[in-house]
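Here's the letter readout for the chains.
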Amino acid sequence: MITVFGSINMDLIATTERLPKPGETVAGNGFSTAAGGKGANQALAARRAGSSVRMSGAVGQDGFASPALELLDGAGTDLSAVKRVSEPTGTALILVGGDGENMIAVVPGANGTVTSADATAAVAALQPEDTLMLQLEIPVAAVEQALSEAKAKGVTTILNLAPLIPDAPRLGRLADIVIANETEFERLAAQEGMTAADREEALKRLHGETGQTLIVTLGGDGVIAIRDGHISRAKGLVIEPVDTVGAGDTFCGYFAASLDDGLEFEAALRRAAVAGSLACLKAGAQPSIPVASEVAAKL
Ligand code: RIB
């Protein structure tokens, strides 16, 4: 059983031939809306991977609240810990360029009302054998409270260090398993401009200090990780990305679900990397998350 304590957004997505530079206006060639939010995306990925999932977070009472939860609801996610507040549902303004790269601005709205009391309630409902998964799109105090209470209870915690915020390195020390992209990992390790060799050294150093499982996602180059003193690598699929929004979330959700389901660590990394690749082949964060049979077909 996995509880995701995190954000729920409505994504407003414009596609353009190329992403604009600061101050520049470019013509768009498409617009769509889709359910998103790093927390909700990871919850849906874990659910589509086959886990029982509870989502804990907040939405508003506006027109975006229902569509933001629709796919989670349809997939059978437990939404009883999603509160309805007077602030608007979180939104993300997303530009996707012709090469599949993106720019995102997130307006937290209701996500900003998630409190330490919500963290306590979310952890209280967990059993020691459960997994708690978090990201950094809800208030820092709530994330910190959830991580420390889960640790006291013996619950496994997975923290995705996204988006990069000033508290990320400190919070990163509090989780059992940390998932970061290259930039987030450089911040965690307090070292910029890492080569592949630097990254491996930094993984060993941090792991030696904390004993944590550390996973760094490398986009098209797959993933490198360290667990129990051992470095592992996994590759996704060779693809031409259409839209990379939500690929990292798909990796996180599939990884959590795979471990929760008892898969060996390296098999969980590979399954998650393949799921992340597949998520780059369709537009939109949640609509692009593959179901378990699609991932299995590529393994
Ligand atoms: O990781 C992708 C997500 O980031 C989007 O769905 C958007 O809502 C932002 O939170």
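To keep things clear, this report deals only with the structure shown in the data block. This structure is a prediction, so every number in the text was calculated from the model and none was measured. (Residues numbered from 1 in each chain as written. Predicted model: local features only at pLDDT ≥ 70, side-chain atom pairs only at ≥ 80, totals over all residues. Heavy atoms only, no water.)

**Notes on the sheet that holds strand S3 (residues 28-36)**
Each strand in a sheet pairs with another by means of backbone hydrogen bonds, the pair being arranged parallel or else antiparallel.
Here's step 1: Taken in spatial order, the 4 strands line up as S3-S2-S6-S7 in an open sheet, and their pairing is mixed. With partners counted over all chains shown, the strands left at the sheet margins are S3 and strand S7 (102-107), one partner each. Strand-to-strand, the axes of this sheet are offset by a mean angle of 15°, without reference to chain direction.
Here's step 2: Pairing of strand S2 (residues 9-16) with S3 involves 8 bridges; the strand directions are antiparallel. Bridge pairing in S3 links Thr16 to Gly28. (Pairing = 2+ DSSP bridges. Helix = DSSP H or I, 4+ residues; strand = E, 2+ residues; numbered from the N terminus. Axes fitted to C-alpha atoms, helices over the stretch in contact; angles between N-to-C directions.)

**A short note on the environment of Leu164**
Here's step 1: Relative to the helices and strands, Leu164 is located in the loop between strand S9 (156-160) and helix H5 (168-172).
Here's step 2: Along the backbone, Leu164 and Glu137 are 27 residues apart, and their C-alpha atoms lie at a distance of 9.4 Å.
Here's step 3: Among residues more than four places away in sequence, those in contact with Leu164 are Thr183, Glu184 and Arg187. (Contact = heavy atoms within 4.5 Å.)

**Here we look at the pattern of salt bridges**
Side chains carrying opposite charge are able to pair once their charged atoms draw close together.
Here's step 1: Enumeration according to the criterion identifies 11 salt bridges in this entry.
Here's step 2: Residues Arg170 and Glu144 are paired through a salt bridge, measuring 2.8 Å at the closest nitrogen-oxygen approach. Taken together, the positions of Arg170 in helix H5 and Glu144 in helix H4 (residues 140-153) put the pair 26 residues apart, joining distant regions of the chain.
Here's step 3: Since its relative accessible area comes to 28%, Glu144 is described here as partly exposed.
Here's step 4: Taken together, the shared-partner salt bridges connect Glu144, Asp167 and Arg170 into one network. (Salt bridge = Lys/Arg side-chain N within 4 Å of Asp/Glu carboxyl O. Buried < 20%, exposed > 50% of the residue type's maximum accessible area, 1.4 Å probe, protein only.)

**Let's talk about the nonpolar core**
Here's step 1: One finds Ile215, Phe251, Phe255 and Leu269 to be the most contacted residues of the largest nonpolar core, which totals 43 residues.
Here's step 2: Of the residues forming this core, the biggest block, 8 residues, is contributed by helix H9 (residues 265-278).
Here's step 3: Excluding its chain neighbours within four sequence positions, the residues that come into contact with Leu269 are Ile215, Val223, Ala225, Ser232, Ala234, Phe251 and Phe255.
Here's step 4: Within the second largest apolar cluster, 40 residues are counted, among which are Val123, Ala142, Ala168 and Ile231. (Core = buried A, V, L, I, M, F, W, Y, C linked by side-chain atoms within 4.5 Å.)

**Concerning the site of the ligand**
Here's step 1: In the vicinity of the ligand, the residues found are Asn9, Asp11, Gly36, Gly37, Lys38, Asn41, Ala92, Val106, Glu137, Gly246, Asp249 and Ala285.
Here's step 2: Note that an oxygen atom of the ligand is positioned 3.0 Å from one of the side-chain N or O atoms of Asn9.
Here's step 3: Here an oxygen atom of the ligand and a side-chain polar atom of Asp249 are 2.7 Å apart.
Here's step 4: The fraction of the free accessible surface of the ligand (280 Å²) that becomes covered by protein chains is 96%.
Here's step 5: For the shell around the ligand, the secondary structure elements donating two or more residues are S2 and helix H1 (38-48).
Here's step 6: Looking at side-chain class alone, the shell around the ligand contains 3 nonpolar, 5 polar and 4 charged residues. (Near = heavy atom within 4 Å. Polar contact = N/O pair within 3.5 Å; in protein donor to acceptor, adjacent residues only side chain to side chain. Areas by Shrake-Rupley, 256 points an atom, 1.4 Å probe, with all protein chains shown as cover. Nonpolar A, V, L, I, M, F, W, Y, C, P; charged D, E, K, R; others polar.)

**As for the packing of aromatic side chains**
Here's step 1: Going through the model one piece at a time under the given rule, you end up with 2 aromatic pairs.
Here's step 2: Both rings, one in Phe251 and one in Phe255, keep their centres 6.3 Å apart while their planes meet at 0°; by these two values the pair is stacked. Linking Phe251 with Phe255, this pair stays in helix H8 (residues 247-260), spanning 4 residues, or about one helical turn. Across the pair, exposure class does not vary: Phe251 and Phe255 are buried alike.
Here's step 3: Centroid distance Phe255 to Phe265: 5.9 Å. Interplanar angle 90°. Geometry classified as edge-to-face. With a gap of 10 residues between them, Phe255 in helix H8 and Phe265 in helix H9 connect regions that are remote in the sequence.
Here's step 4: A relative accessible area of 0% places Phe255 in the buried class.
Here's step 5: The class of Phe265 is buried, set by a relative accessible area of 10%. (Phe/Tyr/Trp six-rings, centres within 6.5 Å; stacked < 30°, edge-to-face > 60°.)

**A closer look at the sheet that holds strand S10 (residues 177-181)**
Here's step 1: The strand order across the open sheet formed by 9 strands is S5-S4-S1-S8-S9-S10-S11-S12-S13, and the pairing between neighbours is mixed. Looking at strand neighbours, the two that pair on one side only are strand S5 (78-84) and strand S13 (230-234), the edges of this open sheet. Recorded for the sheet is a direction-independent mean angle of 15° between the axes of neighbouring strands.
Here's step 2: Across the sheet, helix H3 (residues 116-124) touches strand S1 (2-5), strand S4 (53-59), S5 and strand S8 (131-134), and the angle it forms with S1 is around 175°.
Here's step 3: Of the strands in this sheet, strand S11 (213-217), strand S12 (223-227) and S13 are in contact with H9, which crosses S13 at around 30°.

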